[in-house]
Each structure stands twice: as structure tokens, then as C-alpha cells.
Amino acid sequence: MKNMFSLEGKIALVTGASYGIGFAMASGMAEAGATIVFNDINQELVGKGMAAYTEKGIKAHGYVCDVTDEDAVNALVATIEKEVGVIDILVNNAGIIKRVPMCDMSAADFRKVIDVDLNAPFIVSKAVIPAMIKKGAGKIINICSMMSELGRETVSAYAAAKGGLKMLTRNICSEYGSFNIQCNGIGPGYIATPQTAPLREPQADGSKHPFDSFILAKTPANRWGDAEDLIGPAVFLASEASDFVNGHVLYVDGGILAYIGKQP
Ligand code: NAP
Ligand code: GCO
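Residue indices follow the written sequence of each chain, beginning from 1 at its first position. Here every chain gets a letter starting at A, and every ligand a number starting at 1, in the order they are written. Local features in this predicted model are restricted to residues of pLDDT 70 or higher, and side-chain atom pairs are both shown and tallied only at a pLDDT of 80 or more, whereas totals for entire chains, interfaces and linings draw on every residue. Side-chain measures were taken over the full set of non-hydrogen atoms in the model, leaving aside hydrogen atoms and water.

Peer 1: I keep staring at the packing of helix α3 (residues 70-83) against helix α4 (residues 107-135) and nothing clicks. Help me out?
Peer 2: If you want to describe how two helices pack, look at the angle between their axes and the distance between the axes. To obtain an axis, a line is fitted to C-alpha atoms, over the contacting stretch when the element is a helix, and the angle between two such axes runs from 0 to 180 degrees between their N-to-C directions. Going along the chain from the N terminus, every DSSP run of H or I of four or more residues is numbered as a helix, and every run of E of two or more is numbered as a strand. Where α3 meets α4, the axes come as close as 9 Å, and the angle between the chain directions of the two elements is 35 degrees. Here the hand of the crossing between α3 and α4 comes out right-handed. Contact residues: E70, V73, N74, V77 and E81 in α3; I123, V124, K126, A127, V128 and A131 in α4. Three residue categories are used. Nonpolar comprises Ala, Val, Leu, Ile, Met, Phe, Trp, Tyr, Cys and Pro, charged comprises Asp, Glu, Lys and Arg, and polar comprises the others, including Gly. Class assignment of the residues belonging to the contact of α3 with α4 gives a composition of 7 nonpolar, 1 polar and 3 charged. Handedness of each helix crossing follows the sense of rotation of the near helix against the far helix: counterclockwise by less than a right angle gives left-handed, clockwise gives right-handed. The criterion used for residue contact is that any of the two residues' heavy atoms lie within 4.5 Å.

Peer 1: Got a minute to help me understand the site of ligand 1 in this structure?
Peer 2: Only heavy atoms are used to decide nearness, and a residue is near a molecule or strand if one of them lies within 4 Å of it. Near ligand 1 there are 28 residues, and of these Y19, N93, Y158, I191 and T193 occur at the shortest range. Polar contacts, as used here, are pairs of N or O atoms within 3.5 Å; protein pairs need one atom able to donate a hydrogen and one able to accept it. Residues neighboring in sequence count only if both atoms are side-chain atoms. Between an oxygen atom of ligand 1 and a side-chain N or O atom of K162, the distance comes to 3.0 Å. Here I191 contributes a backbone N or O atom positioned 2.9 Å from an oxygen atom of ligand 1. Per-residue and other accessible areas were derived by the Shrake-Rupley procedure at a 1.4 Å probe size, with only the shown protein chains allowed to occlude residues. With the chains in place, 90% of the 890 Å² that ligand 1 exposes on its own is no longer accessible. For cavity detection a 1 Å grid was placed over the protein atoms alone, and a set of points counts as a cavity when a 1.4 Å probe fits there but cannot get out; an open set counts as a pocket when protein lies on both sides within 12 Å along at least five of seven lines, with lining residues being those that have an atom within 4 Å of a point. Throughout, a molecule is located in a cavity or pocket provided that more than half of its atoms lie within 2 Å of its grid points. In this structure the site holding ligand 1 corresponds to the largest pocket. Class assignment of the residues belonging to the shell around ligand 1 gives a composition of 16 nonpolar, 9 polar and 3 charged.

Peer 1: Please clarify how empty space enclosed by the protein should be interpreted in this entry.
Peer 2: Rolling a probe over the atoms, with the probe sized like a water molecule, indicates the empty space that remains. Grid points are joined across faces, edges and corners, and a volume is the space filled by probe spheres set on the points. Going through the model one piece at a time under the given rule, you end up with 1 cavity of 30 Å³ or more. Taken together, T15, V67, N92, N93, A94, V116, A120, P121 and V124 make up the lining of the largest cavity. Here the lining of the largest cavity gets 4 residues from one element, more than from any other, and that element is α4.

Peer 1: Quick question: what am I supposed to make of the site of ligand 2 here?
Peer 2: Taken together, 14 residues form the shell around ligand 2, and within it R99, S145, R152, Y158 and Q195 come nearest. Between ligand 2 and G189 there is a distance of 3.3 Å, counted from an oxygen atom to a backbone nitrogen or oxygen. Look at ligand 2: alone it shows 330 Å² of surface, and the protein chains cover 97% of it. Among the cavities detected, the one that contains ligand 2 is the largest pocket. Along the lines of polarity and charge, the residues of the shell around ligand 2 split into 8 nonpolar, 4 polar and 2 charged.

Peer 1: Would you take a moment to explain the environment of I140 for this structure?
Peer 2: Within the element layout of this structure, I140 appears in strand β5 (residues 138-143). The spacing of I140 and S174 is 34 residues in sequence and 13 Å in space, taken between C-alpha atoms. Beyond its immediate sequence surroundings of up to four residues, I140 is in contact with L90, N92, S125, I129, M132, I172, I181, Q182, C183 and N184.

Peer 1: Please explain the pairing of strand β3 (residues 61-64) as it appears in this structure.
Peer 2: On any regular strand, side chains alternate: one points to one face of the sheet, the next to the other face. Burial along β3 is one-sided: the face carrying H61 and Y63 is buried and the face carrying G62 and V64 is not. Relative to β3, strand β2 (residues 35-40) is paired through 4 bridges, and the arrangement is parallel. Within β3, the position partnered with F38 by the bridge is G62. A crossover connection joins β2 to the parallel β3 through helix α2 (residues 43-55); in handedness this β-α-β unit is right-handed. We call a residue buried when its accessible area falls under 20% of the maximum for its residue type, exposed when it is over 50%, and partly exposed in between, using a 1.4 Å probe and counting protein chains only. At least two DSSP bridges between two strands are needed for those strands to be called paired. Looking down the strands as they point away from you, a crossover is right-handed if its path from the first strand over the helix to the second goes clockwise.

Everything listed here is a matter of geometry and, on its own, says nothing about what the molecule does.
Given below as C-alpha cells:
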């Protein structure tokens, strides 16, 4: 059977991919044959990412770009098209979270999270779709979250953004599916990355962070996810194996969304 999961000859842009989930997905897509392009918010991070890709034997192309800056994003896409080629696969991965009780959160902080986690995927998708239409094909993967479906204390801005990102995913599917562009989401569960490090920090007495124990009790797999758990889903949604999958959010959560949680 032809390898429908191959990404040979494809160019993938993964935003915010110097480390964490973006780096893992990009590395996996490189192994499947894709040429990897990534950006991050400053030169130091891009340098760190380039070194990490090189260490894995991946010849990545790294650029500094703040994904919330539309002019910078448009310039980035033009530069990539000139220096590397037309983007076949976009992974909107860059994201931030601010954990603050809603009534204590400033409107500025709320807007900042929405800007990075929702406005930026709109901006970057808008920048790459015209060339995908011209090419007659494209893949967009938006990195959603458990918070695309569930709320919890202190993450109002993040949940609003990730809920919106789920609907932006469905709308890009609706508006551009006829151009052979598939737009899907990946909804990671709780993954051990720098973003969740504060939720896993051991207590002063060496005991588990209460949130760590909480997540383990809510996860049938009884473990936190690793960034590498997202590689297979990302390669699937980036490849022709998913050409008839559109507007779908694939949850990669060890079963959290299906489970009421272990009885204490
Ligand atoms: P992370 O460790 O915080 O990495 C996010 C990356 O995005 C960092 O390199 C960050 O740079 C970059 N970034 C932030 N703002 C940016 C901007 N304006 N322009 C360009 N790059 C920017 O996060 P992660 O855990 O790998 O998560 C990656 C994605 O998965 C995020 O969208 C997150 O919401 C989502 N997610 C994470 C989990 C989880 O449990 N970890 C679960 C579900 C979904 P800085 O280092 O400068 O911030
Ligand atoms: C939190 C976590 C989560 C994860 C992820 C879960 O504070 O609850 O950061 O939001 O990042 O989004 O899918």
C-alpha cells in the first residue's frame, strides 16, 4: 500500500516550535519526510530551536516572528515562499496561557491570550490559504485543548480562545474545503511541557502537586502525556491519509474527555 502517511516533498510551517509540543510535532513530520519551517518570538529561541533540530539531524528553517503581528506574518510567509517554497502544511501551535481568576484578570491580559491563541491562528491561516488555493491543496492543523470543551478555574481567557479556535477550525473547513484544504484541530490533554510545569511542581514536602494527582485521577491512561504522543496525530492530519477528514478536532488526551474520574 502506498505510504499515505508520507510527507515527502511537503513544506510544513509550525509556529512557536523551538521546543515543547511544536518541536515534537515538527520533528515527527520531518521524519515523515516534510521540510520543516518554524518561527518563534525571538532570536534566542529560534537559535535554541535550530540547535535542537540539528541535534536530531533535521535541517530546519527558523525565523523570528511574533504571530500576533499581521505585517510580520505576511512578510514571514513571503520570505518562506522565496527561500524555501510554498507552505503545504500549517500547524498553528504557538500559544500562551495566563492562569488568573477571571475577576482578577485585567482586560489587557485577557486580550493578550486571545491575541496569541485565537487571533494569531486567524492571521497565519489567512496568510497561507491563498497559495494553498493556487496549489490546489493544503493542510491546516490548529492546536486546540481540553479547554476547547471544558472550563476550569483561572483559565477563562485560554478557554475562550481555545473554544474559539475549535470554531475557527470548523469555519476554515466550511469556507475552504472546496479548494481541497483540510483544516482540523488537535486537542492535547495534559502534556508535560514548560507550559504545564507549574501544575506538576512537587510540593515543599516532596509530595505531588495536588493538580498532578488530580490529572492522574482524571486520566484513564493514568499518566501525563508526552509531547511525542502528538506526533502520530500530527502526521496523520498533515498527510493524505486524512484528505477526507475536515473540521474535526482530534483529542489526544489519554481518555480524559471520556472519563468521570477515579473515585477518591
Ligand atoms: P509552550 O511550551 O509554552 O510553547 C509555546 C511556544 O509558542 C513557545 O516557544 C512560545 O515562545 C511560543 N510563542 C508564544 N507566543 C508567541 C508569539 N506571539 N509568536 C510566536 N511564538 C510564540 O507550550 P506547549 O505546551 O508546547 O503548547 C504548545 C501549544 O499546545 C499551545 O498552543 C498550547 O496552548 C497547546 N496545548 C498545550 C497543552 C499542554 O498540556 N502543554 C495541552 C493542550 C494544548 P515563548 O517561550 O517566548 O513563550
Ligand atoms: C491548565 C493547563 C491546560 C493545558 C491544556 C489542556 O492550566 O489547565 O495549562 O490548559 O495547557 O490546554 O488541554
